[in-house]
Each structure stands twice: as C-alpha cells, then as structure tokens.
Amino acid sequence: MIPQLKTDEHGLVPAIVQDDETGDVLMLGYMDAEALRRTSTEGRVTFWSRSRQEYWRKGDTSGNVQVPVSIAIDCDADTLLVRVQQTGPACHTGNRTCFFTPLEVTS
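- Under the annotation held in an unreviewed UniProt entry, the protein carries the name Phosphoribosyl-AMP cyclohydrolase and is attributed to Agrococcus versicolor.
- We quote the UniProt Subunit (unreviewed entry) comment for the protein here in full: "Homodimer."
- Looking at the Sequence similarities (unreviewed entry) heading of the UniProt record, one finds this comment for the protein: "Belongs to the PRA-CH family."

Spelled out as structure tokens, the structure:
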C-alpha cells in the first residue's frame, strides 16, 4: 500500500537517496506513485526523469545499482528518504555521491 503523498504539480516528490551502510547522502531524484511502487516491489530504485519524461532504474546503463533497504516519508508527506545498498558510484560523473562540490560557509 502506497500512502498519500503531497506531490508537486507534476505528481512528483523529491527522493533523497542515502547509503544504508555509511549514511552518506548519495543523490536526489524524483518519484511519482508508480516509481515508488516499482522501487518498493521490484528491488531496484526507480525514478521519474524530468528531462526525458520516462522512468529510469538506477544502474540500468551504468551498472551502479541501488537496491532499496528502506523507504521513509518525511513529516509533511512531501519528501522520501530511500536508504540503499549502493554498487559503485552514485553520480553520473563517477563520484561516489552527487554532493561533492563544497560551498564556503561564513558566519
């Protein structure tokens, strides 16, 4: 059973992907109800590609597969946290995580 989510005007919610073993935040993707259903039942993380307007499973072309371990909904029901077992790098650039460019923080 997939819970009611607060989606954007395209029926999408952000899905934060976190490495279940290390806790590293790997990437951010978008899911609709069908992508969430596929992720929770097929054993592979599936997203909706906003640029290509189609579903895509992480790793189908790169081999860097994400196997879902758990899925949680935030308190506002408008964001998902998907904890995964990650094979290889998560980022299309070859980096382990998509969040590798630091910004300076000043007080």
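**Thoughts on the packing of aromatic side chains**
Logical step 1: Overall, the coordinates contain 2 aromatic pairs when judged by the stated rule.
Logical step 2: Pairing Trp48 with Tyr55 gives two aromatic rings, centres 4.8 Å apart and planes at 75 degrees, and the pair type is edge-to-face.
Logical step 3: Residue classification places Tyr55 among the partly exposed residues on the basis of a relative accessible area of 27%.
Logical step 4: The ring of Tyr55 has Arg38 lying over it, and the distance from NZ or CZ to the ring centre is 4.3 Å.

**A short note on the environment of Val25**
Logical step 1: One can find Val25 in strand 2 (residues 25-31).
Logical step 2: Counting along the chain gives 73 residues from Val25 to Cys98, while the straight-line C-alpha distance between them is 8.2 Å.
Logical step 3: Not counting residues within four places of it along the chain, the set of residues in contact with Val25 comprises Ile16, Val17, Gln18, Thr97 and Phe99.

**As for the nonpolar core**
Logical step 1: Of all hydrophobic cores here, the largest spans 15 residues; its most connected members are Met31, Phe47 and Leu80.
Logical step 2: Not counting the four nearest positions on each side in its chain, Met31 is found in contact with Gly11, Leu12, Val13, Ala15, Leu36, Thr39, Val45, Thr46, Phe47, Leu80 and Val82.

**Some words on the UniProt feature "binding site: Mg(2+)" (unreviewed entry) in the protein**
Logical step 1: Those places that UniProt annotates as "binding site: Mg(2+)" (unreviewed entry) correspond, in this numbering, to Asp74, Asp76 and Asp78.
Logical step 2: Relative to the assigned elements, Asp76 resides in the loop between strand 5 (66-73) and strand 6 (80-86).
Logical step 3: Topologically, Asp78 is positioned in the loop between strand 5 and strand 6.
Logical step 4: Since its relative accessible area comes to 30%, Asp78 is described here as partly exposed.
Logical step 5: Ignoring any residue separated from it by four or fewer positions in sequence, one finds Asp78 in contact with Lys6, Val13 and Pro14.

**Examining the layout of surface pockets**
Logical step 1: Size it by volume and the largest pocket reaches roughly 390 Å³.
Logical step 2: Around the largest pocket sit 23 residues that line it, and Met27, Arg52, Trp56, Lys58 and His92 are the ones nearest its centre.
Logical step 3: Elements represented by at least two residues in the lining of the largest pocket include exactly strand 2, strand 3 (46-49) and strand 4 (54-57).
Logical step 4: A per-element tally of the lining of the largest pocket places strand 2 first, with 4 residues.
Logical step 5: A breakdown of the residues in the lining of the largest pocket according to their chemical character gives 10 nonpolar, 8 polar and 5 charged.

**Notes on the UniProt feature "binding site: Zn(2+)" (unreviewed entry) in the protein**
Logical step 1: Using the residue numbers shown here, the UniProt feature "binding site: Zn(2+)" (unreviewed entry) corresponds to Cys75, Cys91 and Cys98. Taking the farthest pair of C-alpha atoms as the criterion, the annotated set spanning 24 residues is dispersed, since that pair is 27.4 Å apart. Put simply, the named residues that line the largest pocket are Cys91 and Cys98.
Logical step 2: Among the residues examined, Cys75 registers a relative accessible area of 79% and is labelled exposed.
Logical step 3: As for its placement among the helices and strands, Cys98 is situated in the segment after strand 6.
Logical step 4: Given the relative accessible area of 32%, Cys98 is considered partly exposed.

Cut-offs applied
- Residues numbered from 1 in each chain as written.
- Predicted model: local features only at pLDDT ≥ 70, side-chain atom pairs only at ≥ 80, totals over all residues.
- Heavy atoms only, no water.
- UniProt positions renumbered as here; feature names shortened; annotations may be inferred.
- Phe/Tyr/Trp six-rings, centres within 6.5 Å; stacked < 30°, edge-to-face > 60°.
- Buried < 20%, exposed > 50% of the residue type's maximum accessible area, 1.4 Å probe, protein only.
- Lys NZ or Arg CZ within 6 Å of the ring centre and 35° of its normal.
- Helix = DSSP H or I, 4+ residues; strand = E, 2+ residues; numbered from the N terminus.
- Contact = heavy atoms within 4.5 Å.
- Core = buried A, V, L, I, M, F, W, Y, C linked by side-chain atoms within 4.5 Å.
- 1 Å grid on protein atoms, 1.4 Å probe; cavity = no way out; pocket = protein on both sides within 12 Å on 5 of 7 lines; lining within 4 Å.
- Points joined across faces, edges and corners; volume = space filled by probe spheres on them.
- Nonpolar A, V, L, I, M, F, W, Y, C, P; charged D, E, K, R; others polar.

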